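One letter stands for each residue in the lines below.
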Amino acid sequence: MSSPRPDGHAVDPSRRAAVGSALGVAAGAAGASLMYAATRNSGHVAAAPSPDSVGGEGGPVGTPIAFRGAHQGGIVTPAQDRMHFVALDVVSESAEDLRSMLTAWTRAAERMTYGAEAAPGGAVGLGPYGVPTDTGEALDLPPANLTITIGYGPSLFERFGLAGRKPEALHDLPAFMGDDLDPATCGGDICIQACADDPQVAVHAVRNLIRLGFGVVAVRWSQLGFGRTSSTSVAQKTPRNLFGFKDGTNNVKAEDAEGLAQHVWVAPEDVPGGAAWMAGGSYLVARRIRMHIEVWDRTNLQEQQDIFGRGKLEGEPLGAKKEFDAINFAATRTDGQPAIPMAAHIRLAHADNLNGVRILRRGYNFTDGSDGLGHLNAGLFFVAFMRDAHAQFVPMQRALAAKDVLNEYIEHTGSALFACPPGLADGADWGTQLFG
Amino acid sequence: MSARLTTRPALALLGAAGLALTGCGGSSSPSGSGSASGGPITVNATDTECQVSTATAPAGTITFKVTNTGTKINEFYVYAEGDRIVGEVENITPGISRDFHVEVTEPGTYQTACKPGMVGDGIRAAFTVTGDAPAAKTDDEDLKTAVTGYSRWVNSQADEFLKETTAFVALVKAGKVEEAKAAYPHARSYWERIEPVAESFGDLDPMIDGREDVTAEGMEFTGYHRLEKDLWVDGLQKDSNAIADKLLADVTELVTKAKSVELNPLQLANGSKALLDEIATGKVTGEEERYSHTDLWDFEANFEGSKQAIAELRPFLEKKDPDLVAKIDSTGKALGDLLETYRDGDGFKLYTDLTEDDVKKLTQALDAFSENVAQVAGVVAKA
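About the thresholds
- Residues numbered from 1 in each chain as written.
- Chains lettered and ligands numbered in written order.
- Predicted model: local features only at pLDDT ≥ 70, side-chain atom pairs only at ≥ 80, totals over all residues.
- Heavy atoms only, no water.
- UniProt positions renumbered as here; feature names shortened; annotations may be inferred.
- Helix = DSSP H or I, 4+ residues; strand = E, 2+ residues; numbered from the N terminus.
- Buried < 20%, exposed > 50% of the residue type's maximum accessible area, 1.4 Å probe, protein only.
- Contact = heavy atoms within 4.5 Å.
- Areas by Shrake-Rupley, 256 points an atom, 1.4 Å probe, with all protein chains shown as cover.
- Disulfide = S-S within 2.5 Å.
- Pairing = 2+ DSSP bridges.
- Axes fitted to C-alpha atoms, helices over the stretch in contact; angles between N-to-C directions.
- 1 Å grid on protein atoms, 1.4 Å probe; cavity = no way out; pocket = protein on both sides within 12 Å on 5 of 7 lines; lining within 4 Å.
- Points joined across faces, edges and corners; volume = space filled by probe spheres on them.
- Expected span 1.5 Å × (residues − 1).
- Polar contact = N/O pair within 3.5 Å; in protein donor to acceptor, adjacent residues only side chain to side chain.
- Phe/Tyr/Trp six-rings, centres within 6.5 Å; stacked < 30°, edge-to-face > 60°.
- pLDDT = per-residue confidence, 0-100.
- Core = buried A, V, L, I, M, F, W, Y, C linked by side-chain atoms within 4.5 Å.
- Bend = angle between axes of the 7 residues up to and from the residue.
- Salt bridge = Lys/Arg side-chain N within 4 Å of Asp/Glu carboxyl O.

As annotated in an unreviewed UniProt entry, chain B carries the name Peptidase M75 family protein and comes from Nostocoides veronense. As its UniProt record puts it under Subcellular location (unreviewed entry), chain B is described as follows: "Periplasm".

## Some points on the overall build of chain B
Along chain B, the regular secondary structure elements total twelve helices and eleven strands. Taken over 383 residues, chain B has a buried fraction of 54%. Residue pairs at least 24 apart in sequence account for 70% of intrachain contacts in chain B once pairs closer than 6 positions are excluded. Surface summary for chain B: the accessible area is close to 15500 Å², and the carbon and sulfur share equals 52%.

## Considering the overall build of chain A
When helices and strands are tallied, chain A shows nine helices and eleven strands. Long-range pairs, those at least 24 residues apart, make up 75% of the contacts in chain A between residues at least 6 apart in sequence. Surface summary for chain A: the accessible area is close to 15600 Å², and the carbon and sulfur share equals 54%.

## So, the state of the cysteines
All names here are of chain B. Scanning all chains against the criterion turns up one disulfide over all chains. Paired through a disulfide, C50 and C114 show a sulfur-sulfur distance of 2.0 Å. Because the sign of the S-S torsion sets the handedness, a value of about 60 degrees for the bond joining C50 and C114 places this disulfide among the right-handed ones. Note that C50 is positioned in strand β2 (residues 50-52) and C114 in strand β8 (residues 108-114), a separation of 64 residues in sequence.

## Focus: the sheet that holds strand β9 (residues 123-130) of chain B
All names here are of chain B. Strand order in the open sheet formed by five strands is β3-β9-β8-β5-β6, and the pairing between neighbours is mixed. Two strands in the sheet have a free side with no partner beyond their single neighbour: β3 (56-58) and β6 (84-92). Across the sheet, the mean angle separating the axes of adjacent strands is 20 degrees when strand polarity is ignored. Note: strand β5 (residues 74-80) against β8, four bridges, orientation antiparallel.

## Brief notes about empty space enclosed by the protein
Residue and element names in this part refer to chain A. In the structure shown here, the tally under the stated rule is six cavities of 30 Å³ or more. For the largest cavity, the calculated volume is near 340 Å³. Taken together, 26 residues make up the lining of the largest cavity; nearest its centre are D247, I289, H345, L380 and F382. Elements supplying a minimum of two residues to the lining of the largest cavity: β7 (282-291), β10 (376-386), α8 (393-403) and β11 (410-420). At five residues, the largest contribution of residues to the lining of the largest cavity is made by α8.

## Considerations on helix α8 (residues 265-283) of chain B
All names here are of chain B. In this model α8 runs 26 Å from its N-terminal to its C-terminal C-alpha over 19 residues, within 8% of the 27 Å that 1.5 Å per residue would give. Counting buried positions along α8 yields 14 of 19 residues, so the element is predominantly enclosed. Regarding α8, its N-cap is N264, as a side-chain oxygen of that residue lies 3.0 Å from the backbone nitrogen of L266 further along.

## Concerning unusual backbone geometry
Located in the positive-phi region is A:N355, a residue other than glycine, with phi close to 55 degrees. Tracing the sequence through the fold places A:N355 in the loop between α7 (345-349) and β8 (360-361). Of note in the backbone geometry, B:H293 takes a positive phi value of approximately 60 degrees without being a glycine. Positionally, B:H293 belongs in the loop between α8 and α9 (295-320).

## So, the packing of aromatic side chains
Considering all chains together, one arrives at 29 aromatic pairs over all chains under this definition. Centroid distance A:F245 to A:W296: 6.1 Å. Interplanar angle 80 degrees. Geometry classified as edge-to-face. A residue pair is termed long-range when its members are at least 10 positions apart, and A:F245 in the loop between β6 (227-228) and α4 (257-263) and A:W296 in helix α5 (residues 293-297) qualify at 51 residues. Taking relative accessible area as the criterion, A:F245 reaches 0% and is therefore assigned buried. A:W296 gets classed as buried once you look at its relative accessible area, which sits at 0%. Relative to B:W191, the ring of B:F161 has its centre 5.8 Å away and its plane inclined at 50 degrees; by these criteria the two rings are tilted. Residue B:F161 is found in helix α2 (residues 141-173), and its partner B:W191 is found in helix α3 (residues 177-193); the two are separated by 30 residues along the sequence. Grouping residues by exposure puts B:F161 and B:W191 together as buried.

## Here we look at the confidence of the model for chain B
Residue and element names in this part refer to chain B. Taken residue by residue, chain B gives an average pLDDT of 85. The fraction at 70 or more is 87%. Low pLDDT, under 50, characterises residues 1-37; the predicted model gives this stretch 85 contacts beyond four residues in sequence or across chains. For this predicted complex, the interface confidence comes out at an ipTM of 0.73, alongside a pTM of 0.81.

## Considerations on the nonpolar core
Membership of the largest hydrophobic core comes to 77 residues, with the highest contact counts inside it found for A:W105 and A:I190. Counting residues per element, this core draws most heavily on helix α2 (residues 95-113) of chain A, which supplies seven residues. If you look at the next biggest cluster of nonpolar residues, it comprises 72 residues, including B:V154, B:I194, B:I243 and B:A269.

## Brief notes about the pairing of strand β4 (residues 190-196) of chain A
All names here are of chain A. Of all seven residues in β4, seven are buried, a share of seventy percent or more. Side chains I190, I192, A194 and A196 of β4 all project onto a buried face; the interleaved residues C191, Q193 and C195 project onto the opposite face, where all are buried too. As judged from the six bridges shared by strand β3 (residues 147-152) and β4, these two strands associate in the antiparallel manner. Considered in β4, the bridge of Y152 is made with I190.

## Describing the pairing of strand β1 (residues 41-45) of chain B
Both faces of the sheet carry side chains from a regular strand, because those side chains alternate between them. All names here are of chain B. Covered by surrounding structure in β1 are I41, V43 and A45 only, the residues T42 and N44 on the alternate face being uncovered. Relative to strand β4 (residues 60-68), β1 runs parallel, the two being bridged by five bridges. When the sheet's bridge partners are listed, A45 is paired in β4 with N68. Note that β1 and β2 share three bridges and pair antiparallel. Pairing of A45 across the sheet is with C50, part of β2. Between β1 and β2, which follow one another and run antiparallel, lie four residues.

## Things to note about α3(B)
All names here are of chain B. Compared with an ideal rise of 1.5 Å per residue, which puts 17 residues at 24 Å, α3 spans 25 Å between its outermost C-alpha atoms and is within 8% of the ideal. Of all the bends found along α3, the most pronounced is centred on Y184 and spans about 30 degrees, while P185, a proline, follows it within four residues. Along α3, twelve of the 17 residues are buried, which leaves the element largely enclosed by surrounding structure. By the burial criterion, the buried members of α3 are A180, K181, A183, Y184, P185, A187, R188, S189, Y190, W191, E192 and R193.

## Comments concerning the confidence of the model for chain A
Overall, the prediction assigns chain A a mean pLDDT of 86, with 86% of residues at 70 or greater. Scored below 50 in pLDDT, residues 1-60 of chain A shows 186 contacts in the model against residues more than four places distant or in partner chains.

## Description of the pattern of salt bridges
Counted according to the given criterion, the structure contains 54 salt bridges over all chains. Notably, a salt bridge pairs A:E323 with A:K246, separated by 3.5 Å at the nearest N-O pair. Highlighted residues: A:E323 in the loop between α6 (301-308) and α7 and A:K246 in the loop between β6 and α4, separated in sequence by 77 residues. As far as the burial class goes, A:E323 and A:K246 line up, both buried. With a shortest N-O distance of 2.9 Å, B:R124 and B:D83 are connected by a salt bridge. On the criterion of sequence distance, the pair formed by B:R124 in strand β9 and B:D83 in the loop between β5 and β6 is long-range, its members being 41 residues apart. We classify B:D83 as partly exposed; its relative accessible area is 28%. Bridged by salt links that share partners, the residues B:R188, B:E192, B:E195, B:D209, B:R211, B:E278, B:K283, B:E287, B:E288, B:E289 and B:D298 form one connected network.

This is how it looks when you write it as structure tokens:
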């Protein structure tokens, strides 16, 4: 007894039916297909920042980040403090199941981005004998700048008749020297990156999307990040990683439209033919980097600074004074040695030494309990967005894997590449965007 | 032994169901011409107000025309007592009007609410539906039949459980360890099929099915799992015979009680979900049969019990929510087909022979089936 929904939202008919039928009442709505506007109830009327624009350290606490626009949120959006990232495998063989789940996800993701329940009245409105369609732990919490970013892994395009829509640049990353990858935390058909300034809001978003996907997708691996390590706007301070350093000072930032176009957003000419849907999107590289923090912590300050090539307190390039001072790779110390050692992290990772390659980093610190040996299982969940991972991340990581002294203190234990599609226009949804 | 089927909430439900509104099919083509005056009730929704043109309407199909004259996305709800949603229309963007039909057959006091920005309690107002109360609804024949059929099935399983337990106990007492081990998972399957009913009798559950570490303080570790430990790990003990005798006595008492239980339709629905929860928390994790590792026997039995309850409710569900039935069928078939791949002779592979990937696949198929079965109670509750 599912009610017709002429409003353009395809929803799980059983859930929808349950809403209408909890009291034996059928409700139907008539109206044109409409999309949410970029405002919400926050006690004041405010235009939400679009994903392209930046408003300081994110918007006011009650103002949501716009869900729709030219690009997805969660990329140049000022990096929120917390993240819940999940990689999923598609367990259904039905393209139609996948498409309708993506459509249902769009609706729920848009609602949750606004701070609303995953479905109207989802927590209690179905009555005492209905199963709630929202899990409830985000009730009373503000949107907390939630962004939900979706991406698709290379493996997805081997099925569901999607081969013709696969972007050429979407293929697995090569092996890098020193990798210690656990297959259980690598890859995935689909990823969801939920970032928010409240961890409960981010976890709620992922949890409710997973629920909508049971039978279609299953979680392959997931990662919580408790603190951002990147600034994606000039208005944000550069945060520190668990080694205590500011890394990514020269990130590609939201205000740098030219840099974004050159390094982050996929251009139409990058994706001719069937992959044209990806124009305006970006590739997400995820690397779970375990840090041996206990070993690091007993390393003297000079060595720590030499490894990064920056001062610990200010974050200044060695030989300079302030964090954002120009990096002078030719500067020497009084003993004639380079001020920034030849194997320093900032030298190896710098665009000047990589034919101009840059990326937009958006990583998070993590601590997944302890390792059973008396050490914290901690590190950096490296997330970066770029126009072509094989032309940007791969040469950068090759240089780092070969020479970076930091490798003595870190191990890459997880790896994945996802194609994050562009933002959704009014009326569009992820299912239609992917399948055409 | 966690998903006990209690009777109290179900009785509360029957009360609620009696009061529940009864509805008919899709209302996209309103039968009445809307409200008392013949036209739709207009709702002017601003960012701060929710002006409903009248606060009264006769029972039947009520039509609202909701216009968003504010600046925020709005939603409009009609709530019954306890914030139960009678109907809602979402996604009303500024400047837009939407027609919205809701079928209310039960006179009484309701609430209307606009929800500017889609969050919070909304701007509420009382709304009265007038008219005569509909005649008391006769019990749905389909549900009655379902309960009768399921009770008959529970009784048959209980009888078999007693019979198989008697045989198992005799083997234990005769010291026939290998034969007792063969009989063990088979006898237990009858318990597992009717677990939510069987578990509802206080101490009998832990005495028959308690695990060593979940026995309450001061309570002896007895029952099937104690004998499981003896048979598989410790060898038969001095008191194994006494434990076996007590098991038979407890099962005899349980069967008598189980056969006298009066069930209601909601218990069937909740029981079908509870059985799947048992699998998720005890069987697919390998916790239940920690010495014999015959967890997949229990898995199948719980699954069968769940499917039986759904099968009895099927004629009812097919009328009320055929889409849900189709989903239950497809996800249930996927789970059943997967489980069959682990069959080994008369039984199943031992839990210890499963790989992590096997357990993951079973868990995923179970999740998909359970999500759908969980919806059944909501459908039954509205009857």
